[in-house]
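Close look at the chain arrangement
Here is what each chain is made of, one letter per residue.
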Protein chains: 2
Amino acid sequence: MTAGLMQTPPLQIIDILKFASTAHARREIVSRLVEEPTFRYTYADSARRAAQAANALKRLGIGHGDRVSSLAWNTHRHFELFYAVPALGAVLHTANPRLFDEQIVYTINHAESTVLLFDKNFLPVVERLAPQLTTVKTFIMLSDEQRTVPGAVNALSYETLLAKESADIAWPTLDENLGAFLCYTSGTTGDPKGVLYSHRAVVLHAMASGLASAFGFDAFDVLLPYANLYHATGWGLPFAGPINGCKIVFPCDKTDGASIQELIVNEGVTFSGGVPTIWTMYLSHIEKTGETPGKLKRVVIGGSAVPRAMAETFKKKYGVRVLQIWGMTETCPLGVIATPTPELAEAGEDAMDEAIWTRQGRMQFGIELKIVDEDGKDLPWDGENSGALLVRGPWTIRRYFRKDADAASADGWFDTGDIATIDAAGFMRITDRKKDVIKSGGEWISSIDLENIAVACPGVKIAAVVGVPHPKWEERPLLVIEPHEGQQLTEADVQAFLEPRIVKWWKPDKVIFASVPLTATGKIDKKVLRSRYATALTG
Amino acid sequence: MTAGLMQTPPLQIIDILKFASTAHARREIVSRLVEEPTFRYTYADSARRAAQAANALKRLGIGHGDRVSSLAWNTHRHFELFYAVPALGAVLHTANPRLFDEQIVYTINHAESTVLLFDKNFLPVVERLAPQLTTVKTFIMLSDEQRTVPGAVNALSYETLLAKESADIAWPTLDENLGAFLCYTSGTTGDPKGVLYSHRAVVLHAMASGLASAFGFDAFDVLLPYANLYHATGWGLPFAGPINGCKIVFPCDKTDGASIQELIVNEGVTFSGGVPTIWTMYLSHIEKTGETPGKLKRVVIGGSAVPRAMAETFKKKYGVRVLQIWGMTETCPLGVIATPTPELAEAGEDAMDEAIWTRQGRMQFGIELKIVDEDGKDLPWDGENSGALLVRGPWTIRRYFRKDADAASADGWFDTGDIATIDAAGFMRITDRKKDVIKSGGEWISSIDLENIAVACPGVKIAAVVGVPHPKWEERPLLVIEPHEGQQLTEADVQAFLEPRIVKWWKPDKVIFASVPLTATGKIDKKVLRSRYATALTG
């Protein structure tokens, strides 16, 4: 008797663009392109072109449940596909051009995509991989007719296809739980795993991240997303931006400091986001040229931990506030955002900065967090106890694409693989990856914390800590130091530096001076270190 | 193959309080009370007490699908019930104490509530109506033990009940489309009609109104909601506030200027909302005392049109921005908000103020608008054409409670009963109630527009315009003027004032000087006027 008297239209991604193209019809979208001049149009134009793109894809046979892959930068064309493909009931697989060839091939084949849309400078990759892309029937280059190079794959031109199509379309009504985006995680072991974002997950994620207390950008903001659209939908900014009527500036493939600064200043950018590497280049550029970051107010940084010095420079020198975020492909990707709170503000600006700069972020509406010990028992939120970080909520994965078993537990908790602490204010801090934590006599030592301290020791270039087997304590920490060139360091120097800075039982059992192996993405390769030094304490 | 791989937990109202009580655990809620000192506690406390209240209601037999009525002010206790009752799967019917006795009885009986919770100063009403409340078994006074007066209804004390209960509860998992709130509209004709808000509608409404580009309050804001919790859940502020971590101040039943000012200044209020009457009293108070509105930044005003002078005074004299909103019980209630846009800002501050002060608001994400002519054909958004205003979306009504037919069309459009224009920027302006519009020779004349112009004529206290039958034009406008005491006005004076301000064919066919009848809620009673002057132009 008390059920179901309100309307229940499904949450559909296209409704976000419909809204922006009506309520913010003349708000601009600006896009750099590969070998084409900068392009600018409005949300209203964008909705028309998304309809044309959808009509073109329909003509190529794309419909409900089909998969389409993109190999593309952050441009207005990729943005159009973000709406056109899911609105047809099809799935956009945003292939990651940074993967190894065999992984790119694996993901496109695993998705069984029949169409591949790619930016012009990916033509060599596409030509090289095409023979192995067994399901792809049509190749479309994201360029105008004049600049399209059909190449060995006989690529069609995106603009030529669109020009033939009407902007009229009757978007189908879809089940809100239908898949919309397929994003693969590039784990360090095994094949990439596909996460299939639903319409419901993407819309709720956009609404939650668009809250005033989350990202907090409004219709006056100008966004410049450097988070790649092929990484977990560019952190959802292509949805949270339009839902708030923001102007969006797409940087394409230019991420050098001068290019960033040009867009920030010329387009009046107020809000940007990306991985730390981008901002290192940017800060070094403006420090060299003496320029200032125009109207830039806030920078969201995620992907890896924000170096404290970066956040401090942004704020103290340029008045730009850094918001650290943490998330993963499995969470669409928003997990936490390091937003300020009145309670922290009362403790003073330094305390607030400290909290925001040293922790990954605070819990946000719609995503639950917990930390558990090795028996799965809840740990207290005291900022001290660390345990496996579990998350759940309406934009968290249940099951990987084409797997037979759920990735989350029956009650929805998904184990992130990270080890973290959470404090009383809901600030979460990643202390380690689960596989990297050192288990010493039943207690845990954070390899990340130890590395962060060791790397501050004068003369140290890279510090890597791994747990290696120990006859009595199960595992003990081993510290591998790669010194700066020409620096002479001894184990005694390093231990003397560490001693006053760590609890006694964290003291590394051995310090080794060697070159530190890195993975393809520039992270310390702990697998190699663990195997290389497996018998260092037992042998 | 591409369906359903993300988690799909139901959207439940209690999750908002769970979030606020964890992420903003120590953020304050302050509440005035009836004959009790001002109360203050935190979100964490509030969640514990909501659990206790739910346990108490369970003990009284309340469970899935049951109805509970409140007759209560804006207090922390009413806020607790907003979460406790729906979280049990039961429905909270927020009875409106401003209705006539027979309407209050009708709504509680129609809801078939078995428990009635009421504030102390409603005891006389409750005692008077109790014999007719055929389904209510338990009466609970929202007071502490010491101040409870059992009265003829043997009222229990809310605080005594809570004190006995544990704060542990396992909230049930509910269907997100289950009813949560039952809000009755008090139409001018017929019995009140019940709108049953679902969990899904309330949560999505909270997320949409909490967007940065909608209400835009964040964790640093302090809300003071004067919108009554019994009016469409107090405009959803008890949900949008916690979702953003705002401090909330509940004013109970004190709405005089001095009481408002005291809370604004003492509690650091930054954001308030309510009907125009409240703000007239407030402005007159601070103008008299010479005080300033402390940290108040924004006031949301709805319920009826915002007088331009009020918005202007707030902004120019006190630096407070007025956001006009429009909505109705059938839309939870958010329809539109008069939010600024960069486009308007470029046109200059005066143009922006003009748009914001003279229109009900702009379309917001999640609620679609359209205006149609008498044949149901879409009208253009040009700010000129006016037509029936239709709305749809996930927090719009489908069917009234206990009715057999839908109130919305098969494709979801709900006719609001208002006549409106919409301009190219999505700003909607109500020009009339459908039943009040004057149909003259196939064209429409807005009674509201004519009244707004006529009331500015010197000497006029109230101006009422109704359409009355006319032999040639079907209907023509008749203007009824109630002059200020001691003012001498002639029809010629009034027509001379109108003439340069209106198009020729809007000229009232007759001006009548008389006392203007008002309804119980203080609105012009046009039904009486139409019947009184039915033959004025034909007889």
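Please refer to the structure higher up on the page.
**Section: the relation of the copies chain A and chain B**
Mapping chain A onto chain B calls for a screw motion: a turn of 180 degrees about the axis and a shift of 0.0 Å along it, with 0.3 Å RMSD after fitting. Expressed as an axis order, the relation between the two copies is that of a two-fold axis. Both copies present the same face, since 100% of the interface residues in chain A are matched by interface residues at the equivalent positions in chain B.

**Concerning the packing of aromatic side chains**
Under the counting rule described, the total for this entry stands at 34 aromatic pairs over all chains. Centroid distance F82(A) to F239(A): 5.9 Å. Interplanar angle 25 degrees. Geometry classified as stacked. Of this pair, F82(A) sits in helix α3 (residues 76-87) while F239(A) sits in helix α9 (residues 237-243); the two residues are 157 residues apart in sequence, bridging distant segments of the chain. With respect to burial, F82(A) and F239(A) carry one shared label: buried. Measuring from ring centre to ring centre gives 5.9 Å for F215(B) and F271(B), while their planes differ by 70 degrees; the resulting arrangement is edge-to-face. A residue pair is termed long-range when its members are at least 10 positions apart, and F215(B) in the loop between α7 (199-209) and β10 (222-225) and F271(B) in strand β12 (residues 271-274) qualify at 56 residues. Feature note: the residues F79(A), F82(A), Y83(A), F181(A), F239(A) and F250(A) constitute an aromatic cluster, connected by ring pairs. Above the plane of the ring of F497(A) lies R501(A), whose end atom (NZ or CZ) is 3.7 Å from the centre.

**Quick look at the environment of V322(B)**
Residue and element names in this part refer to chain B. In this structure, V322 sits in strand β14 (residues 321-327). The exposure class assigned to V322 is buried, which follows from its relative accessible area of 3%. The spacing of V322 and K434 is 112 residues in sequence and 27 Å in space, taken between C-alpha atoms. For V322, the residues in contact, after removing those within four places along its chain, are V299, I301, V306, A311, F314 and I356.

**Brief notes about empty space enclosed by the protein**
Using the criterion set out here, one finds six cavities of 30 Å³ or more in the structure. Of the volumes computed, that of the largest cavity is approximately 90 Å³. Together, 15 residues line the largest cavity, and S213(A), T339(A), Q364(A), F19(B) and H24(B) are the ones closest to its centre. Within the lining of the largest cavity, the residues separate by chemical class into nine nonpolar, five polar and one charged.

**Some words on unusual backbone geometry**
With an omega of 0 degrees, the peptide bond between C332(A) and P333(A) qualifies as cis. Note on placement: P333(A) falls in the loop between β14 (321-327) and β15 (334-337). A positive phi angle, near 70 degrees, is found at C332(A), a position not held by glycine. Assignment of secondary structure puts C332(A) in the loop between β14 and β15. On the basis of relative accessibility, which here comes to 2%, the residue C332(A) falls in the buried class. The backbone phi angle of R402(B) is positive, close to 65 degrees, even though this residue is not glycine. With respect to the helices and strands, R402(B) occurs in the loop between β18 (387-392) and β19 (414-422). Owing to a relative accessible area of 39%, R402(B) belongs among the partly exposed residues under this scheme.

**A word on the interface of chain A and chain B**
Facing the 75 residues of chain A at the interface are 75 residues of chain B. Of all residues in chain A, M6(A), Q7(A) and F365(A) bury the most surface against chain B, accounting for 15% of the area lost on that side. Where chain A meets chain B, there are four salt bridges. Here E176(B) makes a salt bridge to R200(A), at a shortest N to O gap of 2.8 Å. At the surface where chain A touches chain B, the tally comes to 32 residue pairs in polar contact (both at pLDDT 80 or more). Where the side of chain A that touches chain B is concerned, the elements lending two or more residues are α1 (14-23), β9 (193-198), α7 (199-209), α13 (342-346) and β16 (361-363) of chain A.

**What to know about the pairing of β19(B)**
Residues and elements named next belong to chain B. Among the nine residues that make up β19, eight are buried, leaving the element largely enclosed by the rest of the structure. Where β18 meets β19, four bridges bridge the pair, whose relative direction is antiparallel. Considered in β19, the bridge of A388 is made with I419. Summarising the sheet, β19 and strand β20 (residues 427-433) pair through five bridges and their orientation is antiparallel. From the neighbouring strand, I419 faces β20, where its bridge partner is D432. What sits between the antiparallel neighbours β19 and β20 is a turn of four residues, in which G426 has the positive phi angle 85 degrees.

Basis of the calculations
- Residues numbered from 1 in each chain as written.
- Chains lettered and ligands numbered in written order.
- Predicted model: local features only at pLDDT ≥ 70, side-chain atom pairs only at ≥ 80, totals over all residues.
- Heavy atoms only, no water.
- Least-squares fit on C-alpha atoms with pLDDT ≥ 70 in both.
- Contact = heavy atoms within 4.5 Å.
- Phe/Tyr/Trp six-rings, centres within 6.5 Å; stacked < 30°, edge-to-face > 60°.
- Helix = DSSP H or I, 4+ residues; strand = E, 2+ residues; numbered from the N terminus.
- Buried < 20%, exposed > 50% of the residue type's maximum accessible area, 1.4 Å probe, protein only.
- Lys NZ or Arg CZ within 6 Å of the ring centre and 35° of its normal.
- 1 Å grid on protein atoms, 1.4 Å probe; cavity = no way out; pocket = protein on both sides within 12 Å on 5 of 7 lines; lining within 4 Å.
- Points joined across faces, edges and corners; volume = space filled by probe spheres on them.
- Nonpolar A, V, L, I, M, F, W, Y, C, P; charged D, E, K, R; others polar.
- Buried area = accessible area lost by both parts, 1.4 Å probe.
- Salt bridge = Lys/Arg side-chain N within 4 Å of Asp/Glu carboxyl O.
- Polar contact = N/O pair within 3.5 Å; in protein donor to acceptor, adjacent residues only side chain to side chain.
- Pairing = 2+ DSSP bridges.

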